[in-house]
Amino acid sequence: MIYRNLLHGAGSLRENIEAANRQISSGKKLNSLADSPSGSAELVDLRAELAGIDQYRENAGSGGFFISLAESVLSSAYNTVTAIYTRGSAGASSLYNADTRAELAKEVRSLRDELLSLANTEAQGRHVFAGSQVTTAPFTLSGDTVTYQGDLVQNGIDVADGLQVQQNVAGSTVFSKAFSTVEQLLTALESGNQAASQAALSQFSEALGDISKARAELGVSLATIQNAGTEQDARELAIQERQGKIQDADLAEAITRLKANETTLEATFTASTVAGQRTLFDYLA
Amino acid sequence: MSSLFAGLHIGERALQAQQFALETTQRNITNANTPYYSRQRVNFIPGDPIGFGAVAPGGGVISVSADAFRNRFIDYRVTQELQPQGENDAVIAALDQVDALLNESDGKGLQAALSEFFASFSSLSNAPEDQSLRRQVLVSARDLAHEFVRVYEGLQSIQTSNDRAVADTVSEINSTTSAIAELNSRIAQAHGLGSNEEFALRDQRQAMLDKLAGLVDVSYWETESGAVTLATAGGAILVAEDNSYQMAAVTQPGTPYLQIVVGGENITSDIGSGKLGGLIKVRDSMLPDYLARLDDMAASLIESVNTQHALGADLAGQQGGSFFTPFTPLIPGSDSGAARSISVAITDPAKIAAAGLTEGPGSNANARLLAGIGDSKIVGSGTATLEQYYSDLVFIAGSQASTAKAASETQGNILLQLQNQRDSISGVNLDEEAVNIIKYQKAYQASARYITVLNDLTEEVLGILG
């Protein structure tokens, strides 16, 4: 009976020691689903949430790349259109003769080509101002007429639960006014028609307005992404803390438990050697 | 004392009696550590007085016999507690294997594959025309399908190995019941002859009954002949007197797994405990539930993804076809077989319908909706997302394992108490045996002394006569 009790007692002490050892070496207190069924199930949920956060970050990064690219392109485009306007206002003045106006028109054309190249910006195989027709350049030039080949599709990207941001602006809404205005200006400049030049110049505010509006829209997207990122970081931290609470072993506690069980095991062995040794036979001569 | 010679006879019987007692003590001591040995006690029966009159001298010891200490009630309770012990051990062994399949603490597994799959659609939404992102979707989809098959087949192989263990356990049960029937007949014989061998045979039979109890839930009772009758929980007789009725593990139509048959009757559903009960419980109730959950998940995934995929346009502007190979139920209305057979139908990355219908290759409308399926409640009649359904499965498997482990611990403690109690009745106490040796030795010496005295007296009488 002593030996059976010893075996049983030592067995369960050994199990405790092994469990404490596992926790210390793995750093985890959850080593099987049975250790905490609800904790294990919650860990599945938390891991899925973390994966979701990672994906939102990924979207903010690679999806957001096209947004910041478009935003900076629009900033250049704004400057280019402003430069065209400056040339245009100079040409509209009576100080310029036909020769100098032709010179100005040349400059304007070159700036227009620059604008065209900006509007046809391509990165990683995607024309960013083409709507959904990303594989072909959205603007084509014929004479001084620029035509939009893309569509009006706007993509959203998901950057947090239930939160999407606008990823692109359709080129036609951004550049069409600018290109048609520049075309008008060129005709007026080359014909020396001052009234027509003035009329063309008066359209520039609208053309610039379109670009600014698009920049603002993309700016909102970028700001939203940034805010979502900050929130994401906070959420990730909270989830990781919760994960830690569920699965991480309290090392100090585990080591204490290990020591306590080892001591008890030794004591059990000592006690059993004393208790198991003596029978009356030992005292009979 | 009717005569001096009769006295000598009494002395001789006394010597024999003490010697028998010493032998019994010696048997007890040598078997002090023999499992199932029941300590034996010597009964001395005094003889009737011999002669008449005021002084009627004693007749000495007329017989000695031994008795074994057994408490049948405790023996029976031990067997009843061994049954759930065997059951829990079988359940724990199987669920430990399930744990290895479902535990994703290393960050790999079905949940990770699900997350990865839906994330790949979300990544695709950042640049739907991108070939490498499209390829990544197909890679993740194949990984997910593979993961479903891996977990499903893993669970199924636990089921299959449990089925093989059922056959092994049945043959173990049969050899044990045969041994019990054999012991029954020998016990009845020894009992009839009044032979001491009966005690050792009973010890052996108790060991067999304990072994059997760990294998299957049985009840037993002892008949007048000393034989035990054994019956399963459903009343099927396994042993009666010296006959044992064999269990058979056979295949039967309508089920892929072995059925337990006794005397032509299928008693599978009657078996509730013991190792056999645990094996059957894992095979017929726990694992089928897990497998059905995986099938439900796979069928819902295939259905939802295919439906959404057909609402979009691929890189060439064509309406999307089946993303996964459509699942055709083997049994109408059942998802059975979905998880094992899930596969990706698309091989050309350009065929992924990421765009909205009528929109260009850069549209991500459908990719986002496909990614959104991961957050939609599409399983369990619209009550859970795939991930939630899976975490339910993890919870169920975990709590079944933890219940079995807790029960096993409690059972172990109860058994320990009972076995200690059995030992305190049937076990050999060396102190007591030491005292007995002294007692019987002294009695032997005294009897010898008595004979010496009688011998002297007889000499005396003979001297007078001579």
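Bear in mind the structure is a predicted one, so any value in this text is a computation, not a measurement. (Residues numbered from 1 in each chain as written. Chains lettered and ligands numbered in written order. Predicted model: local features only at pLDDT ≥ 70, side-chain atom pairs only at ≥ 80, totals over all residues.)

**Observations regarding the overall build of chain A**
What chain A contains, in helices and strands, is 7 helices and 6 strands. When its helices and strands are written in sequence order, chain A yields α-α-α-β-β-β-β-β-β-α-α-α-α. The C-alpha radius of gyration computed for chain A amounts to 38 Å, which surpasses the reference 19 Å derived for 285 residues by more than 25%, pointing to a less compact arrangement than a globule. Seen along its three principal axes, the alpha-carbon backbone of chain A occupies a region of about 140 × 30 × 25 Å. (Helix = DSSP H or I, 4+ residues; strand = E, 2+ residues; numbered from the N terminus. Rg over C-alpha atoms; globule rule 2.2 N^0.38 Å.)

**Examining the overall build of chain B**
When its secondary structure is counted, chain B shows 10 helices and 11 strands. For 466 residues, the compact-globule estimate of 2.2 N^0.38 gives 23 Å, and chain B exceeds it by more than 25% at 38 Å. Across the 466 residues in chain B, those meeting the buried criterion constitute 42%. Considering only residue pairs separated by 6 or more positions, chain B has 71% of its internal contacts joining residues 24 or more positions apart. (Buried ≥ 20, exposed ≤ 12 C-beta atoms within 10 Å, placed from the backbone. Contact = placed C-beta atoms within 7 Å.)

**Topic: the nonpolar core**
As a rule of thumb, nonpolar side chains are buried together in soluble globular proteins. Judged by nonpolar contacts, the single largest core of 104 residues is most densely connected at Phe148, Met297, Ala298, Ile302 and Ala397 of chain B. Among the elements that line this core, the one with the most residues is helix H4 (residues 131-193) of chain B, at 18 residues. Once residues lying within four places of it in the same chain are set aside, the contact partners of methionine 297 of chain B are Ala339, Val379, Leu386, Tyr389 and Tyr390 of chain B. Within the second largest apolar cluster, 40 residues are counted, among which are Phe66, Phe139, Ile211 and Ala214 of chain A. (Core = buried A, V, L, I, M, F, W, Y, C linked by C-beta atoms within 7 Å.)

**Quick word on unusual backbone geometry**
All names here are of chain B. Although it is not a glycine, glutamate 241 adopts a positive phi angle of roughly 50°. Take glutamate 241: it is sitting in the loop between strand S5 (237-240) and strand S6 (243-244). One non-glycine residue, serine 381, adopts positive backbone phi at about 55°. Note that serine 381 resides in the loop between helix H8 (365-372) and helix H9 (386-426).

**Quick notes on the environment of alanine 249 of chain B**
All names here are of chain B. Looking at the element boundaries, alanine 249 is found in strand S7 (residues 247-250). When the C-alpha positions of alanine 249 and leucine 454 are compared, they lie 72 Å apart, and in sequence the two are 205 residues distant. Discounting residues that sit within four places of it in the chain, alanine 249 has contacts with Val166, Ala167, Val170, Leu258 and Ile260.

**Some words on the domain arrangement of chain B**
Residue and element names in this part refer to chain B. Segmenting chain B into domains produces domain 1 (4-69 + 430-465) and domain 2 (76-415). Distance from the C-alpha centre of domain 1 to the C-alpha centre of domain 2: 66 Å. Counting residues at the interface gives 7 residues for domain 1 and 6 residues for domain 2. Across the side of domain 1 that touches domain 2, the residue classes break down as 5 nonpolar, 2 polar and no charged. (Domains from an automatic or database assignment. Nonpolar A, V, L, I, M, F, W, Y, C, P; charged D, E, K, R; others polar.)

**Considering the interface of chain A and chain B**
If you look at the interface, chain A gives 41 residues, while chain B gives 45 residues. Where the side of chain A that touches chain B is concerned, the elements lending two or more residues are helix H1 (2-26), helix H2 (37-92) and strand S5 (156-160) of chain A. The biggest single contributor to the side of chain A that touches chain B is H2 of chain A, with 14 residues. Of the residues contributing to the side of chain A that touches chain B, the split by class is 15 nonpolar, 18 polar and 8 charged.

**Notes on the sheet that holds strand S8 (residues 259-262) of chain B**
Residue and element names in this part refer to chain B. What the 3 strands build is an open sheet, ordered S7-S8-S9; its pairing is antiparallel. Each having just a single partner strand, S7 and strand S9 (265-266) make up the two edges of the open sheet. Together, S7 and S8 form the strand contacts of H4, whose direction differs from that of S7 by roughly 165°. (Pairing = 2+ DSSP bridges. Axes fitted to C-alpha atoms, helices over the stretch in contact; angles between N-to-C directions.)

**Digging into the sheet that holds S6 of chain B**
Residue and element names in this part refer to chain B. The strand order across the open sheet formed by 4 strands is S3-S4-S5-S6, and the pairing between neighbours is antiparallel. Edge positions in the sheet fall to strand S3 (218-222) and S6, since each has one partner strand and no second. As paired strands, strand S4 (residues 228-232) and S5 are joined by 2 bridges and run antiparallel to one another. Within S5, the residue paired with leucine 230 across the bridge is valine 239.

**Things to note about the environment of alanine 83 of chain A**
Tracing the chain through its elements places alanine 83 of chain A in helix H2. Residue alanine 83 of chain A is classed as partly exposed on the basis of its C-beta count, with 15 C-beta atoms lying within 10 Å.

**What to know about the domain arrangement of chain A**
Assigned domains of chain A: these are domain 1 (2-45 + 246-277) and domain 2 (62-241). Placing the centre of domain 1 of chain A and that of domain 2 of chain A at their C-alpha centroids yields a distance of 69 Å.

**So, the packing of helix H3 (residues 110-124) of chain B against H9 of chain B**
Residue and element names in this part refer to chain B. In the contact formed by H3 and H9, the axes pass within 10 Å of each other and the chain directions differ by 175°. It follows that H3 is roughly antiparallel to H9 by the angle criterion. On the side of H3, the interface is formed by Leu110, Gln111 and Leu114, while H9 contributes Leu386, Glu387 and Tyr390. Residue classes in the contact of H3 with H9 are distributed as 4 nonpolar, 1 polar and 1 charged. (Parallel < 35°, antiparallel > 145°, perpendicular 65-115°, else oblique.)

**A word on H4 of chain B**
Helical periodicity: at 3.6 residues per turn, an α-helix aligns residues three or four positions apart in one direction. With 63 residues, H4 of chain B ought to run about 93 Å at 1.5 Å a step, and its terminal C-alpha atoms sit 92 Å apart, in line with that. Remark: glycine 194 of chain B follows H4 of chain B within two positions and exhibits a positive phi of approximately 70°. (Expected span 1.5 Å × (residues − 1).)

**Looking at the pairing of S4 of chain B**
All names here are of chain B. Side chains Val228, Leu230 and Thr232 of S4 all project onto a buried face; the interleaved residues Thr229 and Ala231 project onto a face where none is buried. The sheet contact formed by S3 and S4 spans 5 bridges and is antiparallel. When the bridges of S4 are listed, tyrosine 220 appears paired with leucine 230. What sits between S3 and S4 in their antiparallel hairpin is a turn of 5 residues, with glycine 226 showing a positive phi close to 95°. Taken together, S4 and the strand that follows it, S5, pair antiparallel across an intervening segment of 4 residues, in which glycine 235 is found at a positive phi of about 100°.

**Focus: the confidence of the model for chain B**
All names here are of chain B. Looking at chain B, the pLDDT average stands at 91 and 97% of residues meet or exceed 70. The element-level mean pLDDT for chain B is lowest in strand S2 (residues 61-68), coming to 74, with H8 highest at 97. Taken together, the chains of this predicted complex give a pTM of 0.85 and an interface ipTM of 0.86. (pLDDT = per-residue confidence, 0-100.)

**Focus: the packing of H2 of chain A against H3 of chain B**
Relative orientation of the contacting elements H2 of chain A and H3 of chain B amounts to 20°, with a least axis distance of 10 Å. Judged by the angle between their axes, H2 of chain A and H3 of chain B are roughly parallel. You can see that H2 of chain A and H3 of chain B cross each other, and the crossing is right-handed. Along the contact surface, H2 of chain A presents Val44, Arg47, Ala48, Ala51, Gln55, Glu58 and Asn59 of chain A, while H3 of chain B presents Gln111, Ser115, Ala119, Ser122 and Ser123 of chain B. Its residues assigned to classes, the contact of H2 of chain A with H3 of chain B shows 4 nonpolar, 6 polar and 2 charged. (Left-handed = near helix turned anticlockwise from the far one by under 90°.)

**So, the environment of alanine 94 of chain B**
All names here are of chain B. In this fold, alanine 94 is placed in helix H2 (residues 72-102). Separated by 78 residues in the primary sequence, alanine 94 and glutamine 16 have C-alpha atoms spaced 59 Å apart. Those residues in contact with alanine 94, other than ones at most four positions away along the chain, are Ile158, Asn162 and Val282.

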